[in-house]
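# Residue-level structure breakdown
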Amino acid sequence: MKILKFGGSSISTPERVQGVMDIVLRSAKRNRNLISVVFSAFGGVTDALIGLSREAAGHSSDYRSSFTALKKRHSDAVRALIPPERRETVQAAVSAMLDELKDTVHGVYLVKECSAKTLDFIMSFGERLSATIIAEALAGRGLNAEFCDSRPLVRTDGNFGSARVDFEATNRRIRAHFAKRKAIQIVTGFIGSTASNETTTLGRGGSDYTASVLGAALAASGIEIWTDVDGVMTADPRKVEKAFPMPSLTYAEAMELSHFGAKVIYPPTIQPAMDRRIPVRILNSFRPDFEGTLIGRRSCSPYPVRGISSMDDIALLLIEGGGMFGVVGFASRLFGVLARHRINVILISQASSEHSICLAVDPHSARSAKAVIEEEFGLEIHAKKIEPVSVDPHASIVAVVGENMKRTPGISGRLFQALGQNGVNVLAIAQGSSELNISVVVPKTDVSKSLNALHDAFFLSGARTVNLFVLGTGLIGGTLLRQILGQSESLRRGRGLELRVVALGDIRKMAFDRNGIALGSWRETLDASPERADLEGFVHRMKALNLPHSVFVDCTGSEDVTAAYEGILKHSISIVTPNKIANSGPYARYRRLRDTALGRGVRFLYETNVGAGLPVISTLNDLTASGDTVLKIEAVLSGTLSYIFNTFGRDRSFSRAVREAKSLGLSEPDPRDDLSGRDVGRKLLILARETGLALEPSDVAVENILPEKCRRAPTVEAFFRELEKSDGLFEERRRQAESRGNVLRYIGTVADGRAGVSLSEAGPDHPFFSLCLLYTSPSPR
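Residues numbered from 1 in each chain as written. Predicted model: local features only at pLDDT ≥ 70, side-chain atom pairs only at ≥ 80, totals over all residues. Heavy atoms only, no water.

## Quick look at the overall build of the protein chain
The secondary structure content of the protein chain amounts to 28 helices and 26 strands. Whereas a compact globule of 781 residues would reach a radius of gyration of roughly 28 Å, the protein chain reaches 37 Å, over 25% beyond that. With respect to the principal axes defined by its C-alpha atoms, the protein chain has extents near 115 × 70 × 55 Å. For the protein chain, the residues scored as buried account for 50% of the 781 residues in total. The contacts of the protein chain with a sequence gap of at least 6 include a subset with a gap of at least 24, amounting to 71%. Accessible surface, the protein chain: about 36,100 Å² in total, of which carbon and sulfur atoms supply 51%. Placing the 97 positive and 87 negative side-chain charges of the protein chain at their respective mean positions leaves the two points 4 Å apart. (Helix = DSSP H or I, 4+ residues; strand = E, 2+ residues; numbered from the N terminus. Rg over C-alpha atoms; globule rule 2.2 N^0.38 Å. Buried < 20%, exposed > 50% of the residue type's maximum accessible area, 1.4 Å probe, protein only. Contact = heavy atoms within 4.5 Å. Areas by Shrake-Rupley, 256 points an atom, 1.4 Å probe, with all protein chains shown as cover. Lys, Arg positive; Asp, Glu negative; His and termini not counted. Charge placed at Lys NZ, Arg CZ, Asp CG, Glu CD.)

This is the structure:
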């Protein structure tokens, strides 16, 4: 015997029911009709019945139109699924049930009350209607099938809404019923009845449980749970884009994942199957040929972690105080009072100091839990031995599950490292001695980020998606975007790295897409964006998206942007930038940015501040980190000035060399920005600070080689006219250097705790003398 179960999403429309019937017919043929099929209500019907009940209990006449819509849906299903010759009989049976439902709901409307018992009875109509219609539809397609109301078979207690099964009575009744039946039974899921024949429900998702109870009673060869996903996923695919189905799980792993939010399995489902060692397979009715996930005694997987699950809405209660230490029976009183008031505790964490206990409960129970605990320990609170209970109602639980975790060292380390690197604060931790589950409580706002970060850490073998927020799309930013586009496939294959540009901004507009902006058409996307440029808004949106592995890329030269760096780093977002302003400003800010990045476990990278793409800064960092002392730095730090002083000579005046640099795009639009030496001074200051010198910008002596009249010229053209008048001054310095066999170089020097930039001479034995070889034949870019 094989048990098949189909959920509401699999039978949400008549077309979907036809597809499900194809699956049932194939299974019946394959298993020689030794099958039984459990059905939920049609998709959305249970919610509609609950809404209908609430409307009636609230004495709203809207319940009538809701009932009419429900009646039409089932009547339409009969017309679509039942052959004409059987349709009238089936419609009569369906109408009789709907009339009974109508009378019941009208009674709720009259008394303005819907008890848990009445609601269970009303909800039972969903499964009874769907199973009746589908049983007749299968019979119409030639299958020997008949409707089976599970209420007389599944005996439960009177805990309406989530009844507990009496397995001894239930097993006896199921076996007796099936022993008498030759036809394939089409069974109502979700519902049972008490010893006095009052209708009960087994909890939302209880149709899975019905299938498991049925399978256990009949010693089935297997149970198939047909749903709308490809199996048990490594994480919730609605939150983790890269989640994928696991081929197998153990019973224990499946139970842990279902308890912590894996909605593909109803938590109680596994136990009856596990007790009888019946394999359970989770399958996708939309892709019936996919093998799904097999749940059994053993599982096979290359991953130590089998899944990452979450409970999105929990409240965290903290009970703390010195009066708890060494007090025998404190925990008994605490959990006893919660049990007496039927408050379920989801997670428990206690410090070894016995100074505090954390409890996670359903948010709807938080207020009453706080009240009953404070009542129970009123004397201790009054004596200030215990603090009043604090409640965080906006928390979530993220659970990492896998039986192999206990044989794999470092799981906890990887978990907390992944969360810490992404700025996720862990509020509480719980791990059982079986090491099957590590659960952490995090702020609700961080649950999606946590799931994605952990999924990358445990399932993608070091591969990860880096979410980039790029501000500045000029020469530098535009070049970066082209590089990312050109290298994306190589990075993905060779380094397991996917760079996703989530946001772009320039001086006009900004554009956001959390799924990634297409880099082949980024300019068109930015131009078409209705959002105007807004630095504060850009940073706020970046923080609000709260994506894992977020990196802010500042391709501007703006001081306003660098002012936002500290707040960005504090939000655990890394920064990469060629912008030198932040690192060459006040030393206190320079130090604060590094300390913030270190404290938050994020990166602040600025290699291109000095030396373009050369690893100058990282080399200095490696030297100092290994204990070396940097005695002296000499550097030519401006490509523009290097070109000018290598081009300037006997056949070319200084002013002409500057004009050529500007025409080739080597200089700033106003060459005085380069010739002033300020940019070189900034770079030298950064290098000096990387060696450990706590220098301020004013500590760097910068020689401005321009005459006063050149500096004060009102326009660039006026500057060039004044520069031409000064050609003689520069030629004289060149001739003097040449007479000594030297060349002119604009050199930055750090030595003896001081830093300075000046136009200096370099002789044939100096490394900078040969720099002229690089520029002997300049050509336009």
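## Comments concerning the packing of helix α3 (residues 62-81) against helix α4 (residues 84-111)
Running from N to C, α3 and α4 point in directions that differ by 165°, and their axes come no closer than 10 Å. On the basis of the axis angle, α3 is roughly antiparallel to α4. By crossing handedness, the relation of α3 to α4 is classed as right-handed. Of α4, the residues touching α3 (which contributes Tyr-63, Arg-64, Phe-67, Leu-70, Lys-71, His-74, Ser-75, Val-78 and Arg-79) are Arg-87, Val-90, Gln-91, Val-94, Leu-98, Leu-101, Lys-102, Val-105, His-106 and Tyr-109. (Axes fitted to C-alpha atoms, helices over the stretch in contact; angles between N-to-C directions. Parallel < 35°, antiparallel > 145°, perpendicular 65-115°, else oblique. Left-handed = near helix turned anticlockwise from the far one by under 90°.)

## Some points on the pattern of salt bridges
By the definition in use, this model includes 53 salt bridges. Between Arg-86 and Glu-136 there is a salt bridge, with the nearest N and O atoms lying 2.6 Å from each other. In this pair, Arg-86 sits in helix α4 while Glu-136 sits in helix α5 (residues 116-140), placing the two residues 50 residues apart along the sequence. Classification of Arg-86 as partly exposed rests on a relative accessible area of 30%. A salt bridge links Arg-306 to Glu-253; its shortest N-O distance comes to 3.6 Å. One end of the pair, Arg-306, is in the loop between β10 (293-296) and β11 (307-320); the other, Glu-253, is in helix α8 (residues 251-259), with 53 residues separating them in the sequence. Of the residues examined, Arg-306 reaches a relative accessible area of 2% and is grouped as buried. Looking at Glu-253, the relative accessible area reads 0%, which means it is buried. One network of salt bridges, with partners in common, ties together Arg-650, Glu-731, Glu-732, Arg-734, Arg-735 and Glu-738. (Salt bridge = Lys/Arg side-chain N within 4 Å of Asp/Glu carboxyl O.)

## Digging into the pairing of strand β1 (residues 2-6)
Regular strands have side chains that alternate between both faces of the sheet. Among the five residues in β1, four count as buried, and that is most of the element. Pairing geometry for β1 and strand β7 (residues 222-227), over five bridges, is parallel. Pairing of Phe-6 across the sheet is with Trp-226, part of β7. Looking at chain direction, β1 and strand β2 (residues 35-39) are connected through five bridges and run parallel. (Pairing = 2+ DSSP bridges.)

## Description of unusual backbone geometry
Backbone geometry places Asn-546, a non-glycine residue, at a positive phi of 55°. Position of Asn-546 among the secondary structure elements: in the loop between α17 (535-545) and β20 (550-554). Phi at His-549 is positive, roughly 50°, even though this residue is not glycine. Of note, His-549 is situated in the loop between α17 and β20. For His-549, a relative accessible area of 12% translates into the label buried.

## Observations concerning the packing of aromatic side chains
Summed over all chains, the structure comprises 19 aromatic pairs. Ring geometry for Phe-552 against Tyr-565: centres 6.5 Å apart, planes inclined by 75°, an arrangement best described as edge-to-face. A residue pair is termed long-range when its members are at least 10 positions apart, and Phe-552 in strand β20 and Tyr-565 in helix α19 (residues 565-570) qualify at 13 residues. The pair formed by Phe-552 and Tyr-565 is uniform in burial state, with each residue classed as buried. Measuring from centroid to centroid gives 5.6 Å for Phe-645 and Phe-654, while their planes differ by 45°, and the two rings are tilted. With respect to class, Phe-645 is no different from Phe-654; both count as buried. Above the ring of Tyr-109, the side-chain terminus of Arg-64 is found at 5.2 Å from the ring centroid. (Phe/Tyr/Trp six-rings, centres within 6.5 Å; stacked < 30°, edge-to-face > 60°. Lys NZ or Arg CZ within 6 Å of the ring centre and 35° of its normal.)

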